[in-house]
Amino acid sequence: MPLTVPDLRIEQFNVEIAGPCNLQCVTCPQAKINGGRERDFRVMMTLEEFRKVLDDAYQYRPRDRAMCISLHGSGEPTLNRSLPEIIRYAKSKGDTYVSFFTHANNLTPALSQQVIAAGVNEVTVSLIGYNRETCNQSMVGGDFDRVMGHIRAFQEILREGNYPSSKINTRHLTLDFAKREWEVGEYRRNIIGPLGVEAEIWLQHNWDGRFVTLTSSREEMARERGLTRRSCGRPHANFLEVRAGGVNEHRLAVVACAIVLGRDSLGTLGHLDTQTIAEVVASSRYEELRRSHDEKEFNGTFCEGCDYLYPDLQEVLVWSNKPGRKVGQSQTARQLVYPEATPVTV
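Residues numbered from 1 in each chain as written. Predicted model: local features only at pLDDT ≥ 70, side-chain atom pairs only at ≥ 80, totals over all residues. Heavy atoms only, no water.

Peer 1: Sorry, what's going on with the nonpolar core here?
Peer 2: A general trend in soluble globular proteins is that nonpolar side chains are found buried together. In this structure, Ile10, Phe13, Phe50, Leu71, Ile87, Leu240 and Ile277 are the most contacted members of the largest nonpolar core, which totals 96 residues. In this structure isoleucine 10 touches Ala57, Tyr60, Arg61, Pro62, Met67, Asn238, Leu240 and Ile277, once residues within four positions along its chain are discounted. (Core = buried A, V, L, I, M, F, W, Y, C linked by side-chain atoms within 4.5 Å. Buried < 20%, exposed > 50% of the residue type's maximum accessible area, 1.4 Å probe, protein only. Contact = heavy atoms within 4.5 Å.)

Okay, structure coming up:
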């Protein structure tokens, strides 16, 4: 049965406030060498649009804990000049935990001061590479030393201003599956240790089947263990992902998950410029997605080749010093664990 409004609950709300990115990372569909992103999705969300979607989503917030609002999707949020105001509005709602991912090249001390003062709870810096050379090669257009300096400046602002509710951490992807243990040592020696940050290191994923040559390790591990595909759990989780852009001149597309980057139009389930969240979540398009996961029938869907369909692979989280961090758990809404879909009786 389609989800009805009384059932609707949003614990994790991912809102992409910036569609474009100013780096060309070798593992990202945004990069031109990997096909780039559709033009209609390389747009900025306005402050007014953010207020609209958050006002709608907030009525479905959890009553017993903070609503986690992550200001990222697949673009670089620091490119949006309204970022501090967006954070401030999200925090004004009350009972919200506000975070964003960034490559941190634009996270200047001045901007750090503004987002901290606005009330941001968590900033996660994404780094691909385990030292200056590999980071600069993998994140083309970025500068490793600049990023390290920006993280240290952020930490200094936190110390001097006594902001106990804000923190900064890092997130890394391994470059070579066979050398992953050695890479963890290099990450810790060159980045994590010197900064003194909490961090997590993951195996790369295949962006719903398009980057198999880069990250076939998950598929290989699944075959070795005789695992079969099953739901990642996201279609049934208390989770919503909204893009800044949309299809056919629409804005504010609701998509299945962040992994549809590069072909957002295929993963679009509705648009919040003309629909409410309740209308999108109860739509036939969304119901088809949930049913495909219930019945484990992924062929012909945009989920078909995704290596997140092997949620039993705990090894994909290679290393973390975050207490209690585990696979299947939302990055920021730690209490949200993506459930396996319940099979439908046909």
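Peer 1: Sorry, what's going on with a nonpolar patch on the surface here?
Peer 2: Taken together, the side chains of Val26, Ile33 and Val140 make up a nonpolar region of the molecular surface, amounting to roughly 250 Å² of accessible area. Looking at where isoleucine 33 falls in the secondary structure, it is placed in the loop between strand E2 (24-25) and helix H1 (47-58). A residue is classified by how much of its surface remains accessible, and isoleucine 33, at 66% relative accessible area, is exposed. (Patch = residues over 30% accessible without salt bridge, like charges linked within 9 Å, V, L, I, M, F, W, Y side chains within 5 Å. Areas by Shrake-Rupley, 256 points an atom, 1.4 Å probe, with all protein chains shown as cover. Salt bridge = Lys/Arg side-chain N within 4 Å of Asp/Glu carboxyl O. Helix = DSSP H or I, 4+ residues; strand = E, 2+ residues; numbered from the N terminus.)

Peer 1: Where do I start with empty space enclosed by the protein in this structure?
Peer 2: Over the atoms, a rolling probe the size of a water molecule traces out where space has been left empty. Inspection of the entire model under this criterion finds 2 cavities of 30 Å³ or more. Of the volumes computed, that of the largest cavity is approximately 140 Å³. As for the largest cavity, its lining consists of 15 residues, and the residues nearest its centre are Cys232, Cys257, His293, Cys303 and Cys306. Here the lining of the largest cavity is composed, by residue class, of 12 nonpolar, 1 polar and 2 charged. Taken as a whole, the second largest cavity spans an internal volume of roughly 60 Å³. Forming the walls of the second largest cavity are His103, Asn105, Leu127, Cys135, Asn136, Met139, Gly142, Asp143, Phe144 and Val147. Secondary structure elements with two or more residues in the lining of the second largest cavity: helix H4 (132-138) and helix H5 (144-161). Looking at the lining of the second largest cavity, its residues break down into 5 nonpolar, 4 polar and 1 charged. (1 Å grid on protein atoms, 1.4 Å probe; cavity = no way out; pocket = protein on both sides within 12 Å on 5 of 7 lines; lining within 4 Å. Points joined across faces, edges and corners; volume = space filled by probe spheres on them. Nonpolar A, V, L, I, M, F, W, Y, C, P; charged D, E, K, R; others polar.)

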